[in-house]
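Summary of structural features
Below, each chain spelled out in residue letters.
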Amino acid sequence: MTGHRSLLTRVRAEFREMPGMRLTIRQAQRLWHLPEAECRRILEALVAERALVRRPDGAYTAVDGATAV
């Protein structure tokens, strides 16, 4: 579980450090070298805690960057 928490912290921080960043599951997988299921769990956990939102096009972005084009 420690690895999961560490990864959550890392992904959350990267979205904060890059305002307006939008990533699809595939892009996030490549960026963080994760299998699809694990990547999806991490991103959806961040959506559940309201750190990220999933846009209608399927891309994930930080809540503050949700309206960024």
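So, here is what we can say about the structure in this document. It should be emphasised that the depicted structure is a prediction, and the values quoted were computed from it without experimental measurement.

1. Observations concerning the side chain of Gln29
- With respect to the helices and strands, the residue Gln29 is situated in helix 2 (residues 25–32).
- Contacts of Gln29, omitting those with residues within four sequence positions, involve Leu34, Pro35, Glu36 and Cys39.

2. Quick word on the sheet that holds strand 2 (residues 52–54)
- Pairing within the open sheet is antiparallel, and its three strands lie in the order 1-3-2. Of all the strands in the sheet, just strand 1 (22–23) and strand 2 have a single pairing partner and so form its edges.
- Two strands pair when backbone bridges link them, and strand 1 and strand 3 (residues 60–62) are joined in this way by two bridges, in the antiparallel orientation. Bridge pairing in strand 3 links Leu23 to Tyr60.
- Along the sheet, helix 3 (residues 36–48) contacts strand 2 and strand 3; its crossing angle with strand 2, the most-contacted strand, is approximately 110°.

3. Concerning the packing of helix 2 against helix 3
- Contact geometry for helix 2 and helix 3: axes closest at 9 Å, N-to-C directions at 105°. Considered as vectors, helix 2 and helix 3 are oriented roughly perpendicular to each other. Every residue of helix 3 that contacts helix 2 at Ile25, Ala28, Gln29 and Trp32 is listed here: Glu36, Cys39, Arg40 and Leu43.
- Here the residues of the contact of helix 2 with helix 3 are counted per class, giving five nonpolar, one polar and two charged.

4. Concerning the packing of aromatic side chains
- Counted according to the given criterion, the structure contains one aromatic pair.
- Here the aromatic rings of Phe15 and Trp32 are separated by 6.1 Å at their centres, their planes lie at 45°, and the arrangement is tilted. A residue pair is termed long-range when its members are at least 10 positions apart, and Phe15 in helix 1 (residues 2–17) and Trp32 in helix 2 qualify at 17 residues.
- Take Phe15: its relative accessible area is 2%, and that puts it in the buried class.

5. Focus on the nonpolar core
- Counting 17 residues, the largest nonpolar core has Val11, Phe15, Trp32, Leu43 and Leu52 as the members making the most contacts within it.
- Elements supplying a minimum of two residues to this core: helix 1, helix 2, helix 3 and strand 3.
- Residues within four places of Leu52 in sequence aside, it is in contact with Phe15, Leu43, Leu46, Val47, Tyr60, Thr61, Ala62 and Val63.

Definitions and limits used
Residues numbered from 1 in each chain as written. Predicted model: local features only at pLDDT ≥ 70, side-chain atom pairs only at ≥ 80, totals over all residues. Heavy atoms only, no water. Helix = DSSP H or I, 4+ residues; strand = E, 2+ residues; numbered from the N terminus. Contact = heavy atoms within 4.5 Å. Pairing = 2+ DSSP bridges. Axes fitted to C-alpha atoms, helices over the stretch in contact; angles between N-to-C directions. Parallel < 35°, antiparallel > 145°, perpendicular 65-115°, else oblique. Nonpolar A, V, L, I, M, F, W, Y, C, P; charged D, E, K, R; others polar. Phe/Tyr/Trp six-rings, centres within 6.5 Å; stacked < 30°, edge-to-face > 60°. Buried < 20%, exposed > 50% of the residue type's maximum accessible area, 1.4 Å probe, protein only. Core = buried A, V, L, I, M, F, W, Y, C linked by side-chain atoms within 4.5 Å.

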